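Coordinate analysis (summary)
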Amino acid sequence: MKKVLIFSAPSGAGKSTIVNHLLGLFPQLEFSVSATSRAPRGDEQDGREYYFLSAEEFARRVDAGDFLEWEEVYKGSRYGTLRSELDRIWSKGNVATFDIDVKGGLNIKRLLGDKAMSVFIMPPSVEELRRRLEKRGTDTGEAIDKRVAKAESEISFAQYYDKVIVNDSLDKALAEAEEAVGTFIGIS
Ligand code: ADP
Ligand code: 5GP
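Residues numbered from 1 in each chain as written. Chains lettered and ligands numbered in written order. Predicted model: local features only at pLDDT ≥ 70, side-chain atom pairs only at ≥ 80, totals over all residues. Heavy atoms only, no water.

In this structure, the largest pocket spans a volume of roughly 1,800 Å³. Taken together, 45 residues make up the lining of the largest pocket; nearest its centre are S11, K15, Y50, D99 and R147. The set of elements that each furnish at least two residues to the lining of the largest pocket consists of α1 (15-25), β5 (67-74), β6 (77-82), β7 (95-99), α5 (126-136) and α6 (141-155). In terms of residue count, α1 provides more of the lining of the largest pocket than any other element does, six residues in total. Taken together, the residues of the lining of the largest pocket break down into 16 nonpolar, 12 polar and 17 charged. Approximately 160 Å³ is the volume attributed to the second largest pocket. Listed by contribution, the elements that provide at least two residues to the lining of the second largest pocket are β5, α4 (102-112) and α6. For the lining of the second largest pocket, the per-class residue count stands at four nonpolar, one polar and six charged. (1 Å grid on protein atoms, 1.4 Å probe; cavity = no way out; pocket = protein on both sides within 12 Å on 5 of 7 lines; lining within 4 Å. Points joined across faces, edges and corners; volume = space filled by probe spheres on them. Helix = DSSP H or I, 4+ residues; strand = E, 2+ residues; numbered from the N terminus. Nonpolar A, V, L, I, M, F, W, Y, C, P; charged D, E, K, R; others polar.)

So this is what it looks like as structure tokens:
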């Protein structure tokens, strides 16, 4: 069956750590690359982090019905999942794996139903989330404040996910994630 795995979490909860571990462990999982109309940042490459489209090209492909879902996540910047990306991954027999915000994640789950398993990575507390972001050292104080403020509202959507994994002990969270993914993709 054509399947997808959706991971969402407030920034700093440990989603990248967990998703990267799973991608390394299960060769069937393949990261789904979204399309965006924003410009590449840093050393981002077309087809690796995103498919970078001009605003006009993005709009044309929306009109053509090429997207499974799309959103204007930030003013003037659109992000979306191309149907062709899912077909590319499914044609190899792989499971499309999404690292996506709650709105996009719940949209995909609603559209794909039982083909999808949605997983919310929950921090043990908002205070711990802040400590992890401070320790990671990749964001300014102001950016950390913004991410933490957004976390409360993101956490309120956890109840709509198929599975919630609390990332307190990382070993435990990884074991729980492995078990859930293994069962979903049919290896246990
Ligand atoms: P996200 O992708 O959700 O923003 P990361 O995977 O980058 O989060 O994790 C945020 C920081 O917290 C990283 O420095 C990571 O090494 C650390 N981290 C992840 N899981 C745990 C954990 N269970 N306990 C302590 N630190 C953790
Ligand atoms: P970035 O920091 O990469 O510019 O912003 C990424 C934001 O866009 C995140 O909130 C991310 O979850 C969201 N995003 C990335 N890809 C998609 C997508 O395919 N669809 C939707 N709806 N949102 C996406």
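Having seen the model, we can carry on.
This paragraph deals with the packing of α1 against helix α7 (residues 170-185). Between α1 and α7, the shortest axis-to-axis distance is 10 Å and the interhelical angle comes to 50°. Between α1 and α7, the interaxial angle falls into the category oblique. The handedness of the crossing between α1 and α7 comes out as right-handed. Listed contacts from α7 to T17, I18, H21, L22 and L25 of α1 are L170, A173, L174, A177, E178 and V181. Looking at the contact of α1 with α7, its residues break down into eight nonpolar, two polar and one charged. (Axes fitted to C-alpha atoms, helices over the stretch in contact; angles between N-to-C directions. Parallel < 35°, antiparallel > 145°, perpendicular 65-115°, else oblique. Left-handed = near helix turned anticlockwise from the far one by under 90°. Contact = heavy atoms within 4.5 Å.)

Note that every value here comes from positions in space, so none of it alone points to a role or purpose.
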